Amino acid sequence: MAAIFLGEALSIFAQLVASRQFGKAGDDLAMLLPMLLLISFGGMLLVFGYALGYMHLKNIWIIVAISVGAILVVEPTLTRLESCRQPVR
């Protein structure tokens, strides 16, 4: 379950950072490579979490519910943290 939460968090974080930084300061490719590596690691954690969870629970729908729950918890949290970091204009 922790692998699913961490995988979702890494994937969402990489998407948020890449979407906010893309097109700024002309270093698109230099910024996208670390985000690509981060989202790839997050994807590996998700696959590992799904496989391990299915092996133990024998029910894919429980794993899908955990993944959707992780998205519903992690995405608003990371979005709120990301918006707090940005300066007020």
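The notes below deal with the structure included here. Keep in mind that what you see is a predicted model, and the values were worked out from it rather than measured.

**Some words on helix H1 (residues 2–21)**
In an α-helix there are 3.6 residues to a turn, and that puts residues three or four apart on one side.
Moving on, step 1. Along its 20 residues, H1 runs 28 Å from first to last C-alpha, staying within 8% of the 28 Å computed at 1.5 Å per residue.
Moving on, step 2. For H1, the set of buried residues is Ala 3, Ile 4, Gly 7, Glu 8, Leu 10, Ser 11, Ile 12, Ala 14, Leu 16, Val 17 and Ala 18.

**Examining the environment of Ser 11**
Moving on, step 1. Locating Ser 11 in the fold gives a position in helix H1.
Moving on, step 2. By relative accessible area, Ser 11 is classed as buried at 8%.
Moving on, step 3. With 32 residues separating them along the chain, Ser 11 and Gly 43 place their C-alpha atoms 7.0 Å apart.
Moving on, step 4. Excluding its chain neighbours within four sequence positions, the residues that come into contact with Ser 11 are Ile 39, Gly 42, Gly 43 and Leu 46.

**So, the side chain of Glu 8**
Moving on, step 1. With respect to the element layout, Glu 8 can be found in helix H1.
Moving on, step 2. Setting aside residues up to four positions removed in sequence, Glu 8 forms contacts with Leu 46, Ser 67, Ala 70, Ile 71 and Val 74.

**Quick look at the side chain of Ser 67**
Moving on, step 1. Note that Ser 67 resides in helix H3 (residues 60–85).
Moving on, step 2. By relative accessible area, which is 4% here, Ser 67 ends up buried.
Moving on, step 3. A distance of 2.7 Å separates polar atoms of two side chains, one belonging to Ser 67 and the other to Glu 8.
Moving on, step 4. Excluding residues that lie within four positions of it along the chain, Ser 67 makes contacts with Ile 4, Glu 8 and Tyr 50.

**Quick notes on unusual backbone geometry**
Moving on, step 1. The backbone of Lys 58 shows a phi angle near 60 degrees, a positive value even though the residue is not glycine.
Moving on, step 2. Structurally, Lys 58 is set in the loop between helix H2 (28–57) and H3.
Moving on, step 3. Using a relative accessible area of 62% as the deciding quantity, one classes Lys 58 as exposed.

Definitions and limits used
Residues numbered from 1 in each chain as written. Predicted model: local features only at pLDDT ≥ 70, side-chain atom pairs only at ≥ 80, totals over all residues. Heavy atoms only, no water. Helix = DSSP H or I, 4+ residues; strand = E, 2+ residues; numbered from the N terminus. Expected span 1.5 Å × (residues − 1). Buried < 20%, exposed > 50% of the residue type's maximum accessible area, 1.4 Å probe, protein only. Contact = heavy atoms within 4.5 Å. Polar contact = N/O pair within 3.5 Å; in protein donor to acceptor, adjacent residues only side chain to side chain.

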